[in-house]
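Next come the chains, spelled out residue by residue.
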Amino acid sequence: MEKITDKIAALPADSSYFSLEFFPPKTAMGFSNLRDRLDRMARALRPLFVNVTWGAGGSTATKTLELAEICQRELNLTTCLHLTCTNMSRKLIDRALEDAKALGIRNILALRGDPPRAAEYQDPNEDPEDAIDEAFTWAVDLVRYIRKTHGDYFCIGVAAYPEGHADESHPLGQSLEHDLPYLVEKTQAGADFLMTQLFFDTEAYESFEKTLRDHPSGAFKTIPIIPGLMPIQSYQMIKRTTKLSHARIPDVIMSRLEDVKMDDEKVKSVGVDILCEIVDSVKEIKSRTPGPSGFHFYTLNLEKAVSFIVERTSLIPPSTPIEESAAVEDVISKIPTLQVNGSDHERVSQARDTSRSRRQSNVGSEPRNRVIISGRSVSHPEYEATSAEASIPAEPINSRANTLAISEGEGVLGREATWDDFPNGRWGDARSPAYGEIDGYGPSLHVSNAQAVSLWGNPTELSDVDELFVRHLEGDLPAIPWSEEELNQETRTITDRLIRLNSQGWWTVASQPAVNGLRSDDPVFGWGPQQGFVFQKAFVEFFLPSRQWKLLLERLQSSEVQDTVCFFAANAAGDFVSSDMTGGPAGELREPSTNAVTWGVFPGKEIITPTIIEEVSFRAWSEEAFGIFAEWAQVYGKGSESEKLLEKARADSWLVNIIHHDYVDKDALWNLLIN
């Protein structure tokens, strides 16, 4: 039931603290795995508080509150609930605030959300209580409303942008000077702390904090300003994140990442170094202002990188003997007192040094650390142990030090805990809490209405849409609704095939060519550690009209094709078909397949499979893909020719993903589809 500002005020003036941010996973398996991850991170890292994100328009309201309940009630973590206000009803906002109260949550991060688009989202036939409240246009409206209806019950935070807000709807564009009046207004309306968007430019942050502290209004003189930082999980993530957030990466940092961009492990390692340096720089900046220094980490539901960062920068608060004892009490209570050759295990354990703050190797922690000997005394205690000694846990396995080691990926338990350490967006494993996210921005148009019209015009015929996709493939259009990135080198090797598909009205949103054992340092297809070999199955994902899907489905189910491909298909109505449901000579059901379409073999490592396509992940993605389709239609306003065209196409389309298993024949998939 604690407020964030009260917890900060109780800290020593020269101390540091940190918070972690999580989002509701997209799948039930991901949710279950995040619960275990949160428990581990809470014990090992001890953040001052955690944030739980809220989907724009209340799209994740139920899942957000479920995750917030786990954090606040089950794990006893002080929780800050994100809450947006645009494109939402007052009823939904009131319910969210009341639910937060019921859960014991006293901290709200008040956000605007997506630009107000009530005319597009509003259903004229719905209950007036569920109607979008157009009084909520900016975050300041939500701050005022919470203060009016709940007084000072909630501790309210608001967002700040060290390099300016990248809305791009204002003629001044992105600038701190343009943002300042709005930030002053939010703060004076009742905000208790500021939390910044991610940044990598510490000089920009230094200027930002100085500008706020010296502002003539005095609004920011003593208010906690918590800088937001995102651990670098992959090269792809950092490129996309900085494009969408407009956060500038200094050339010296980008150069370091460019040097290792082909090796995901090195990117993450260099990324940890970079974030540690940023934390140290910001600590120095914050030392000029009285009070504790705070940091907020956007975890993307991953633990390994952030665990390294907070440990190396000494942000983890020290534990007292009482706290350490409480952390392992549940384990110790289940361990019986042992009598081994007359030796009392309890007395032995008590005799051990309990002052260690960092993990140490011990007999029980990792069996391979010792050679178990019999028939003689131990000659080399550094690597030998008697069978009696090996049976005694050297220290509680649930200690904070050991839990931290697991979060950092050490040992067998660590490898199991951080198995999803390299996220790959929607192509990752649906069991991962991070599935579907590589940067926290999620699936959306990521552009304003004006930008959407500027990019994609006003299509009135299906051939207009065909042309947009072809132009994107030819490099004349920087983005399509399902991808705001330009084509990479790999995709350019199959551009001619993709153009042929799009020209016939099969709109491709994802694809990759077949690769058979190229070296991991190949300039186009390489990835991962040096001296390895990489492989890929060709796949393509596209929208096509329902009439053509029926014909294609017959082809895919034919006896000469069905054993060489795997496919998944869904439409906007939620209908689903896959080769698992329809395969086999008699059309019998098959076990759900998990298709590793990219894998690598590297010295001294297990086979790595970063790109996976299977039913659960495809179903989750198909809902989002059709949601993006609807967003695009809404850009043009209800009843317009473009809106009617796109809505009709959306309702009639199937999203189909086809994987060809013959990765040796690079033309097999394209011959099947084009010929």
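None of the values given here were measured: they were computed from a predicted structure.

(A) Inspection of the overall build of the protein at higher detail. For the protein, the count of helices and strands is 26 helices and 21 strands. Each of the 675 residues in the protein was classed as buried or not, and the buried ones make up 54%. Element-wise, carbon and sulfur atoms account for 51% of the exposed surface of the protein, whose accessible area totals about 30100 Å².

(B) Quick peek at the pattern of salt bridges. Counted under the stated rule, the structure contains 26 salt bridges. A salt bridge links Asp192 to Arg147; the shortest N-O distance between them is 2.6 Å. Placement of Asp192 in the loop between helix H7 (176–188) and strand S6 (193–198) and of Arg147 in helix H6 (residues 139–150) is noted, with a sequence separation of 45 residues between them. Between Glu206 and Arg288 there is a salt bridge, with the nearest N and O atoms lying 2.6 Å from each other. With Glu206 in helix H8 (residues 202–213) and Arg288 in the loop between helix H11 (264–286) and strand S8 (293–298), this pair connects stretches of sequence that are 82 residues apart. Glu206 sits in the partly exposed class, given a relative accessible area of 31%. A network of salt bridges, in which partner residues are shared, links Arg37, Arg40 and Glu303.

(C) Structural view of the sheet that holds strand S13 (residues 507–512). Taken in spatial order, the 5 strands make up an open sheet running S13-S16-S21-S17-S18, and their pairing is antiparallel. Two strands in the sheet have a free side with no partner beyond their single neighbour: S13 and strand S18 (576–578). Within this sheet the neighbouring strands show an average axis-to-axis angle of 15°, counted without direction. Sheet strands touched by helix H24 (residues 615–634): S13, strand S16 (539–545), strand S17 (565–571), S18 and strand S21 (653–660). Its angle to S21, the strand with the most contacts, is close to 140°.

(D) Representation of the side chain of Asp141. Inspection of the secondary structure puts Asp141 in helix H6. Ignoring sequence-local partners within four residues, the contact set of Asp141 consists of Ala135 and Phe136.

(E) Examining helix H4 (residues 90–102) more closely. Relative to the 18 Å expected for 13 residues at 1.5 Å per residue, H4 spans 18 Å between its end C-alpha atoms, a close match to the ideal helical length. The complete set of buried residues in H4 reads Leu92, Ile93, Ala96, Leu97 and Ala100. What you see down the axis of H4 is that its buried residues fit within an arc of 135°, all on one side. A positive phi of about 85° marks Gly104, the residue just after H4.

(F) Seen up close, the packing of aromatic side chains. Summed over the entire model, instances satisfying the criterion amount to 25 aromatic pairs. Ring centres of Phe136 and Tyr145 lie 5.3 Å apart, and the angle between their planes is 90°; this geometry places the pair in the edge-to-face category. A relative accessible area of 11% places Tyr145 in the buried class. Between Trp482 and Phe629 the ring centres are 5.2 Å apart and the planes differ by 80°, which places this aromatic pair in the edge-to-face class.

(G) Expanded view of the pairing of S21. Where burial is concerned, most of S21 is hidden: 8 out of the 8 residues are buried. Burial along S21 is two-sided: the face carrying Ser653, Leu655, Asn657 and Ile659 and the face carrying Trp654, Val656, Ile658 and His660 are both buried. As paired strands, S17 and S21 are joined by 7 bridges and run antiparallel to one another. Among the inter-strand pairings, Val565 is bridged to a residue of S21, identified as His660.

(H) Fine view of the nonpolar core. Core analysis: the largest hydrophobic core is formed by 95 residues, its most contacted members being Leu257 and Phe297. Looking at this core element by element, the count peaks at 10 residues for H11. Each residue touching Phe297, except ones within four places of it in the same chain, is listed here: Phe18, Ser19, Leu20, Glu21, Leu229, Pro231, Val279, Val306, Ile309, Val310 and Leu315. Of all hydrophobic cores here, the second largest spans 38 residues; its members include Phe626, Phe629, Trp632 and Val635.

(I) Representation of helix H9 (residues 235–245) within the structure. Among the 11 residues of H9, 8 are classified as buried, and the element is accordingly described as predominantly covered. Buried positions along H9 lie against S6, helix H10 (251–258) and H11. Positive phi shows up at His246, right after H9, with a value of about 60°.

(J) Representation of unusual backbone geometry within the structure. Despite not being glycine, Arg46 shows a phi value in the positive range, around 55°. When you line up the elements, Arg46 lands in the loop between helix H2 (28–45) and strand S2 (49–52). Of note in the backbone geometry, Asn76 takes a positive phi value of approximately 60° without being a glycine. Looking at the secondary structure, you find Asn76 in the loop between helix H3 (61–74) and strand S3 (79–84).

(K) Geometry of the side chain of Thr491. Along the polypeptide, Thr491 turns up in helix H20 (residues 489–492). Ignoring any residue separated from it by four or fewer positions in sequence, one finds Thr491 in contact with Leu498 and Ser511.

(L) Highlighting the sheet that holds strand S20 (residues 608–614). Sheet architecture is open: 4 strands sit in the order S14-S15-S19-S20, paired in antiparallel fashion. Pairing within the sheet leaves two strands with one partner each, and these edge strands are strand S14 (515–519) and S20. On average, each strand axis in the sheet is tilted by 20° relative to the strand beside it, whichever way the strands run. In this sheet, strand S19 (residues 594–601) lies alongside strand S15 (residues 533–536) in antiparallel orientation, the contact comprising 4 bridges. Counterpart to Val534 in the pairing with S19 is Gly600.

(M) The environment of Ala159, seen in detail. Secondary-structure assignment places Ala159 in strand S5 (residues 155–160). As for Ala159 and Leu183, which are separated by 24 residues in sequence, their C-alpha atoms are 8.3 Å apart. Each residue touching Ala159, except ones within four places of it in the same chain, is listed here: Ala110, Leu111, Leu183, Lys186 and Met195.

(N) Looking closely at the packing of H8 against H11. Running from N to C, H8 and H11 point in directions that differ by 25°, and their axes come no closer than 10 Å. What the angle tells us is that H8 and H11 run roughly parallel. For the element pair H8 and H11, the recorded crossing hand is right-handed. Facing H8, whose interface residues are Thr202, Tyr205, Glu206 and Glu209, H11 presents Ile278, Ser281, Val282, Ile285 and Lys286. The class makeup of the residues in the contact of H8 with H11 is 4 nonpolar, 2 polar and 3 charged.

(O) Region of interest: the state of the cysteines. By the definition in use, this model includes 0 disulfides. Left unpaired, Cys155 is separated from the closest cysteine sulfur, that of Cys80, by 7.4 Å. When its relative accessible area of 0% is taken as the criterion, Cys155 is described as buried.

(P) Molecular detail of the packing of H4 against H6. Contact geometry for H4 and H6: axes closest at 12 Å, N-to-C directions at 60°. As summarised for this structure, H4 and H6 are arranged oblique, according to the angle between their axes. Where H4 crosses over H6, the handedness of that crossing is right-handed. Contacts from Arg90, Ile93, Asp94, Leu97, Glu98 and Lys101 of H4 reach H6 at Leu142, Tyr145, Ile146 and His150.

So, how was this worked out
Every chain's residues receive numbers from 1 upward, in the order its sequence appears when written. Local features are withheld for residues below a pLDDT of 70 in this predicted model, meaning they are given only at 70 or higher, and side-chain atom pairs are given and counted only at 80 or more; totals for whole chains, interfaces and linings count all residues. Computation of side-chain values: all heavy atoms of the structure, hydrogens and water removed. Put simply, DSSP H or I for four residues or longer makes a helix, DSSP E for two residues or longer makes a strand, and each gets a number counted from the N terminus. The buried label goes to any residue with under 20% of its type's maximum accessible area, the exposed label to any with over 50%, and the partly exposed label to all in between, with areas taken from a 1.4 Å probe on protein chains only. Accessible surface is estimated by sampling points in the Shrake-Rupley manner with a 1.4 Å probe; for residues, cover comes only from the protein chains shown. What makes a salt bridge here is a side-chain nitrogen of Lys or Arg within 4 Å of a carboxyl oxygen of Asp or Glu, nothing more. Only when DSSP finds a minimum of two bridges between them are two strands counted as paired. With axes taken as lines fitted to C-alpha atoms, and helix axes fitted only over the stretch in contact, angles between N-to-C directions fall between 0 and 180 degrees. A contact between two residues is defined here by any heavy atoms of the two lying within 4.5 Å. A helix is expected to span 1.5 Å for every residue after the first. This arc corresponds to the set of directions leading from the helix axis out to the C-beta atoms. Aromatic rings from Phe, Tyr and Trp, taking only the six-membered ring of Trp, are treated as a pair when their centres fall within 6.5 Å; an angle between ring planes under 30 degrees marks them as stacked, one over 60 as edge-to-face, and anything in between as tilted. Among the buried residues, those of types Ala, Val, Leu, Ile, Met, Phe, Trp, Tyr and Cys that are joined through side-chain atoms within 4.5 Å form a nonpolar core. Geometric relationships in this document are graded by angle, where less than 35 degrees denotes roughly parallel, more than 145 denotes roughly antiparallel, 65 to 115 denotes roughly perpendicular, and other angles denote oblique. Helix crossings are classified by the rotation of the near helix relative to the far one: an anticlockwise turn of less than a right angle makes the crossing left-handed, while a clockwise turn makes it right-handed. For this classification, Asp, Glu, Lys and Arg are treated as charged, while Ala, Val, Leu, Ile, Met, Phe, Trp, Tyr, Cys and Pro are nonpolar and the rest, including Gly, are polar. In what follows, a disulfide is any cysteine sulfur pair within 2.5 Å.

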